[in-house]
Amino acid sequence: MRLFAAGLWLALVPPALVPLHAQDPPAQAGGEAPADAPRWAFEDSDVPVDAGYVFGTLPNGMRYVLRENATPDGTALVRMRIGSGSLEERADERGLSHYLEHMAFNGSTGVPEGEMVRLLEREGLAFGADTNASTGYEAVTYKLDLPRNDEGLLDTALMLMRETASELTIAPAAVERERGVILAERRDRAGYALSAYEDEVEFLAPGARYGERLPIGTLEVLESAGAADIRALYERTYVPANTVLVVVGDYPVELMEAKVRAMFADWQGGPAPEEPVTGPVDAARKGLTDIHIDPALSESVALSRLSPFEDEADTLAARERATLRSIGYAIVNRRLAALARGADAPFNSARFSSGDLFEDARLTSLTVNTADGQWREGMLAAVRAVNEALTHGFTRAELDEQLAGRRTGLQNLAAAAETRTHAAYASGALRLVDDGTIPTEPEFRLALFEKLAARITPETVHDALIEDAAPLEEPLIRFEGRTAPSGGEDALRGAFAEAMALPIAPPDEAGALAFAYGDFGEPGNVVEDRVDERLGIRLLAFDNGVRLNLRRTDIRKDRLQVRIAVDGGQLLETVEDPLATAMVVALAGGGLGAHSQDELATILAGRTVSFGVSSASDSFVVTGGTTPRDLELQLQLAAALLTDPGYRPEGEERYARSVENYFASLDATPGRALGTAIGGILSDGDPRFTLQPQEAYLAKDFAQLRDVLADRFERGAIEVAIVGDIEEDEAIAAVAATLGALPQRETSFRERTEARKRAFTEDRSPRVLTHAGEADQALVRLTWPTTDDSDHEEALRLAVLARAVRIALTDSLREELGEAYSPGASSSPSRTYEGYGTFQVQAALDVASVDIARAAIVGVVEDFRAGKIDADTIERAKRPLLEDYQNALKTLTGWMNLVRRVQSEPERIDRWLAVPERLGRIGAQEIAAAAERWLDPAGAVEILVLPRGD
């Protein structure tokens, strides 16, 4: 999928339905390929493919890519890409590629209908997370993530892919049963975003095939298509010559290759379909204007010009040109970002870019996102900035900033090459197939960059940008927002003409900036140092009260995660001041005392650090992913943020704009309407958990925030966690010189007993909310009060109960009734509020199906309470939890979740180590008892969200 189509479609659909793309690498081919088999892109290029891949082509024409890899160790993934998506569909087949993808889970020669998902759940693969598929414009991709690397599981995965490839039964009765699910999914995806996308496609490329072949399809086809229609598409597109299988994981390549060949060698089929038409797109189209209004849309203006498509294979010369022009676009966007970060910013954000519109045209666009009613100011400022760049070029300082960032990124990739993930390798393989981008080794990319960087100048970058970008003369102007621009199309075009006439000037050569925060006083002394031998976590304390948790692991080479918790957080919010910490997320926008946020962007170019703070339940949190080289700088940034936050007005301005935009679309969809109201409903209007009026948020400023934060930032307890590829002594020294050097602090997080009280409403009467979205969309949610997570075994029982209820609801609401695409159930026992927890069941529905769906939900709950639960359902609920547990500490994120507060919450390790035994004790009887205890239908708060109807 080309850049433009991918970008637009990705914005409209969740990950489960988007084609998989992009990241790392493949290498050596094998197999007796047929004479007319597709060639791999690297066979006709001077770009050296990553030698760790194995490529092959079976005699039947099916291609495969294999890679042995051990990150995460003991796991694997399998992807099967069918090289035809919705663009392949004929007029009377629109939506059938996606329908066919659903039928892959509904029976084949060797797997009865309904058994594929059950089979995988018994193996520990959760439906949706580990078992999925996606349909895009140009491909259908099937996905299995294997939690273990035993041969039997690989056999099962390949067998299921083989069944999908040619053995689907596509039984008429199964097609009818799935129709409701397909229509439910289409209904759920309808809304303002899809309408905006369709309008944009029609404006840029009226009559283009891609605009008439959205993967979700048309209602007419989906309501009438039969099994024979779907089978015709299946037999035409699911053929070996149109298929690529990717297997990456902790298996010997020889084993993977032998199993792939044995499983797929007997598959027969016709030739791959011809490449479908995507256009037509008129590259000469210009000077037109479009206005698209929807109450849910934030305001933006896009100025675009089409130009002819130029096919450019992946070669060394092409990579050099791409690098030069991408640096040019990056510098322009850096200037636009500076404007957005400054005081009195003319726009919220802006972006200048070019990309291919399939193989029909090249599209250059300047998109400006503004506060409501500010489109004109935003357009003037953004157009002027782009004009200055295109006319006068760039400075050496701007170029050096970009080179530093790219160099560091490539150096980091090279340093971590040994532990690249399965997902990175699979994405590289799929991108090779998708668009011919050759996966290469990180060391090669770094060397190629350094060779080029030595001769890059501001002039060569400017020339490359001018050559690539279509001039924004007589552009296509498209406005979208909540209200039409005053003056309409004439005003839009008049503003553009005014912007083009604004005076411009060459950029100033800025001087170098130095980071002002390197000395925080005498380094702290370690007064406590011990190791919890159970998991090898090192626990330290400094003489100023700061605590440090370290866990060294090289599961990701050259990678660290840092988390700093400072006492405070949302528990500082009170009934009298429920928005006390609302502005914490805006603090980074104010920079530091000595540096604005934009200055920090320049100072930190080429360094792998993060800058920002958020508010958790009982703490303020600074997080960052970094490298051993930049750990000290990451800690310096955190210490500077605590001791000298900037509190600049531009941070306040950006906060206010985000508030206004948020409140403008509170009820745009059923989900948003529910999210807006549910906190107040469940808490009887407790201001701490209830959305406050917009004016209350806008009344907040940094002066008030300073009053809330000052004491906690100065004296509050600090717990630092660092996990990853660290030298422990160096990490300890870096903490000692930064956070450990601060003045004396409290040594423990405050209990705040009164703030930890949270009530669940006694009012169990049904509630009805309304939304402003599609007229057929409804949502029902039932919420029960449960308990906090202090009883670990009860928390685990509730977690298994939620998974089991979700399985039963999927069988009932989705598979049997066809009323909901993705019903859900979840348990949320609180770690913060004593005795508080919730269990919720939710389903998005057709308005006409609310009563049917509610009856089905209550029926499932009543069955569980009555003990009508089979052992297989419990096993399918528990097994993915156990597999997640076994694999959690194979990632830095998994370690961080355990290590981050292990001194202030020491029970974390005990609970963690007890999971397998405690899960093992949970059976049908325990789940029935939990359902009986907590899920009384009469005790639920039922919320129904219906269309407003005005």
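Conventions we followed
In this numbering scheme, every chain counts its residues from 1 along its sequence in written order. Selection of residues for local features in this predicted model requires a pLDDT of at least 70, selection of side-chain atom pairs for listing and counting requires 80 or more, and totals for whole chains, interfaces and linings are taken over all residues. Water and hydrogen atoms were dropped before computing side-chain values, which therefore reflect all heavy atoms in the structure. Here a strand is any run of E in DSSP of at least two residues, a helix any run of H or I of at least four, and the numbering for each starts at the N terminus. Only C-alpha atoms enter the radius of gyration; for comparison, a globular chain is expected to reach 2.2 Å times N to the power 0.38, where N is the number of residues. We call two residues in contact when some of their heavy atoms are within 4.5 Å. Surface accessibility follows the Shrake-Rupley procedure with a 1.4 Å probe radius. Residue values consider only the protein chains on display as shielding. Charged residues are defined here as Lys and Arg on the positive side and Asp and Glu on the negative side; His and the ends of the chain fall outside this count. For the purpose of locating charges, the reference atoms are NZ of Lys, CZ of Arg, CG of Asp and CD of Glu. Between any two strands, pairing holds if DSSP finds at least two bridges. What counts as an axis is a line fitted to C-alpha atoms, over the stretch in contact for a helix, and the angles between N-to-C directions run from 0 to 180 degrees. Ring pairs shown here join Phe, Tyr and Trp side chains whose ring centres sit within 6.5 Å, with only the six-membered ring taken for Trp; geometry is labelled stacked below 30 degrees between planes, edge-to-face above 60, and tilted in between. When accessible area is computed with a 1.4 Å probe and restricted to protein chains, residues below 20% of their type maximum are described as buried, those above 50% as exposed, and intermediate ones as partly exposed. Cation placement over rings: the criterion is NZ of Lys or CZ of Arg within 6 Å of the ring centroid and within 35° of the ring normal. By nonpolar core is meant a set of buried Ala, Val, Leu, Ile, Met, Phe, Trp, Tyr and Cys residues that side-chain atoms within 4.5 Å join together. Take the number of residues in a helix, subtract one, and multiply by 1.5 Å to get its expected span. The angle between axes fitted to the seven residues ending at a residue and the seven residues starting there is what we call the bend at that residue. Gly is placed with the polar residues, together with every amino acid not listed as nonpolar (Ala, Val, Leu, Ile, Met, Phe, Trp, Tyr, Cys and Pro) or charged (Asp, Glu, Lys and Arg). Salt bridge, as used here, is a side-chain nitrogen of Lys or Arg placed within 4 Å of a carboxyl oxygen of Asp or Glu. Our angle categories are set so that under 35 degrees counts as roughly parallel, over 145 as roughly antiparallel, 65 to 115 as roughly perpendicular, and the remainder as oblique. By convention the crossing between two helices is left-handed if the near helix lies anticlockwise of the far one by an angle smaller than a right angle, and right-handed if it lies clockwise. pLDDT expresses, on a scale from 0 to 100, how confident the predictor is about each individual residue. Under the rule applied, a polar contact is a pair of N or O atoms within 3.5 Å (in protein, one hydrogen donor and one hydrogen acceptor; residues adjacent in sequence only if both atoms are side-chain atoms).

A. Highlighting the overall build of the chain. Within the chain, the regular secondary structure consists of 29 helices and 24 strands. For 950 residues, the compact-globule estimate of 2.2 N^0.38 gives 30 Å, and the chain sits close to it at 29 Å. For the C-alpha atoms alone, the extent of the chain along its principal axes is close to 75 × 75 × 60 Å. A sequence separation of at least 24 residues applies to 84% of the contacts in the chain between residues at least 6 apart. Of the roughly 36,800 Å² of accessible surface on the chain, a fraction of 50% belongs to carbon and sulfur atoms. Within the chain, the 154 negative side-chain charges are centred at a point lying 2 Å from the centre of the 98 positive side-chain charges.

B. Main features of the sheet that holds strand 18 (residues 619–626). Read from one edge of the open sheet, seven strands run 13-14-15-19-16-18-17, paired in mixed fashion. Each edge of the open sheet is held by one strand with a lone partner, namely strand 13 (526–532) and strand 17 (614–615). In terms of strand pairing, strand 13 meets strand 14 (residues 537–542) through six bridges, oriented antiparallel. For Arg530, the partnering residue across the bridge sits in strand 14 and is Leu539. Each of strand 14, strand 15 (547–552), strand 16 (560–567) and strand 19 (718–724) touches helix 27 (residues 892–899); the most contacted strand, strand 19, lies at about 155° to it.

C. Spatial organisation of the packing of aromatic side chains. Taken as a whole and assessed by the stated rule, the structure comprises 21 aromatic pairs. Residues Tyr137 and Phe358 carry aromatic rings whose centres are separated by 5.6 Å and whose planes lie at 90° to one another, so their mutual orientation is edge-to-face. Linking Tyr137 in the loop between strand 5 (131–135) and strand 6 (140–146) with Phe358 in the loop between strand 10 (349–357) and strand 11 (361–370), this pair joins segments that are 221 residues apart in sequence. Note on Phe358: relative accessible area 1%, which makes it buried. Each member of the aromatic cluster is reached from another via a ring pair, and the members are Trp40, Phe42, Tyr53, Phe55 and Tyr425. Over the ring of Trp895 we find Arg551, and its NZ or CZ is 4.1 Å from the ring centre. Here Arg901 stacks its cationic end above the ring of Phe749, 4.0 Å away from the centre of that ring.

D. Main features of the nonpolar core. Formed by 60 residues in total, the largest nonpolar core has its most connected members in Leu801, Val805, Phe839, Phe864 and Trp895. Ranked by the residues each element gives to this core, the list is headed by helix 24 (residues 792–816), at 11 residues. Not counting chain neighbours up to four residues away, the residues in contact with Val805 comprise Ala825, Phe839, Val841, Val860 and Phe864. Grouped together as the second largest cluster of nonpolar side chains are 57 residues, Leu540, Ala580, Leu705 and Ile732 included.

E. Broad picture of helix 28 (residues 907–920). Between its first and last C-alpha, helix 28 extends 20 Å over 14 residues, near the 20 Å set by a 1.5 Å rise per residue. The axis of helix 28 is deflected most strongly, by about 50°, at Ala914, and proline Pro916 appears within four residues downstream. Every buried residue belonging to helix 28 is among Arg908, Ile909, Arg911, Trp912, Ala914, Val915 and Leu919, and all of these are buried. Buried residues belonging to helix 28 abut strand 13, strand 14, helix 24, helix 26 (871–888) and helix 27.

F. Quick look at the sheet that holds strand 22 (residues 824–829). Strand order in the open sheet formed by five strands is 20-24-21-23-22, with mixed pairing between adjacent strands. Looking at strand neighbours, the two that pair on one side only are strand 20 (767–771) and strand 22, the edges of this open sheet. Across the sheet, the mean angle separating the axes of adjacent strands is 20° when strand polarity is ignored. Note: strand 20 against strand 24 (residues 941–947), five bridges, orientation parallel. When the bridges of strand 24 are listed, Arg767 appears paired with Ile943.

G. Spatial organisation of the packing of helix 11 (residues 375–392) against helix 15 (residues 458–468). Taken N-terminus to C-terminus, the directions of helix 11 and helix 15 make an angle of 115°; their axes are 9 Å apart at the nearest point. Here Ala389, Leu390 and Thr391 of helix 11 come into contact with helix 15, specifically with His462, Leu465 and Ile466. Considered class by class, the residues forming the contact of helix 11 with helix 15 number four nonpolar, two polar and no charged.

H. Here's a closer look at the pattern of salt bridges. All told, the structure shown has 89 salt bridges when counted by the stated rule. The shortest N-O distance in the salt bridge between Arg148 and Glu123 comes to 2.6 Å. Here Glu123 lies in the loop between helix 3 (115–122) and strand 5 and Arg148 lies in the loop between strand 6 and helix 4 (151–166), a separation of 25 residues in the sequence. As far as burial versus exposure is concerned, Arg148 and Glu123 are alike and both buried. A network of salt bridges, in which partner residues are shared, links Asp618, Glu719, Asp789, Arg831, Arg901, Glu905, Glu907, Arg908 and Arg911.

I. Seen up close, the packing of helix 24 against helix 26. Where helix 24 meets helix 26, the closest approach of the two axes is 8 Å, and the angle between their N-to-C directions is 125°. Between helix 24 and helix 26, the angle is such that the two are oblique. In the crossing of helix 24 with helix 26, the sense of the turn from one axis to the other is right-handed. Here Val800, Arg803, Ala804, Ile807 and Asp811 of helix 24 come into contact with helix 26, specifically with Thr873, Ile874, Arg876, Ala877, Lys878, Pro880, Leu881 and Asp884.

J. Summary view of the side chain of Thr395. Its place among the elements puts Thr395 in the loop between helix 11 and helix 12 (396–415). Excluding residues within four positions of it along the chain, Thr395 makes contact with Pro458, Pro507, Asp508 and Glu509.

K. Region of the structure containing the pairing of strand 9 (residues 299–307). Most of strand 9 sits inside the fold, with nine of its nine residues counted as buried. Burial along strand 9 is two-sided: Glu299, Val301, Leu303, Arg305 and Ser307 facing one way and Ser300, Ala302, Ser304 and Leu306 facing the other are all buried. Strand direction decides the pairing type here: strand 9 and strand 11, joined by nine bridges, are antiparallel. Pairing of Ser300 across the sheet is with Asn369, part of strand 11.

L. Representation of the confidence of the model for the chain within the structure. Summary statistics for the chain give a mean pLDDT of 94 and a share of 97% for residues scoring 70 or more. For residues 1–30, every residue scores under 50 in pLDDT, and the model assigns this stretch 113 contacts once sequence neighbours within four places are set aside.

M. Structural view of the side chain of Arg482. With respect to the helices and strands, Arg482 occurs in the loop between strand 12 (476–481) and helix 16 (488–500). Polar side-chain contacts of Arg482 include one of 3.0 Å to the side chain of Asn661. Not counting the four nearest positions on each side in its chain, Arg482 is found in contact with Ile293, Asp294, Pro295, Ala296, Leu297, Ser298, Asp372, Asn661, Ala664 and Ser665.

N. The arrangement of the environment of Ala76 in detail. Along the chain, Ala76 turns up in strand 4 (residues 76–82). The spacing of Ala76 and Pro346 is 270 residues in sequence and 48 Å in space, taken between C-alpha atoms.

O. Geometry of the environment of Met62. Checked against the element boundaries, Met62 lands in the loop between strand 2 (54–57) and strand 3 (63–68). Leaving out residues up to four positions away in the same chain, Met62 has contacts with Gly56, Thr57, Pro240, Ala241, Thr243, Leu245, Val260, Phe264 and Trp267.

P. A look at the pairing of strand 11. When you tally the buried positions in strand 11, you get eight out of 10 residues, the bulk of the element. Bridge count between strand 10 and strand 11: nine bridges; the pairing is antiparallel. Counted as the bridge partner of Ser353 is Ser365 from strand 11. Between strand 10 and strand 11, which follow one another and run antiparallel, lie three residues, and Phe358 among them has a positive phi close to 50°.

Q. Up close: the environment of Thr457. Mapping Thr457 onto the fold places it in the loop between helix 14 (442–453) and helix 15. For the pair formed by Thr457 and Leu324, sequence separation is 133 residues and the distance between their alpha carbons is 9.4 Å. Apart from the residues lying within four places of it in its own chain, the contact partners of Thr457 are Arg396 and Leu399.

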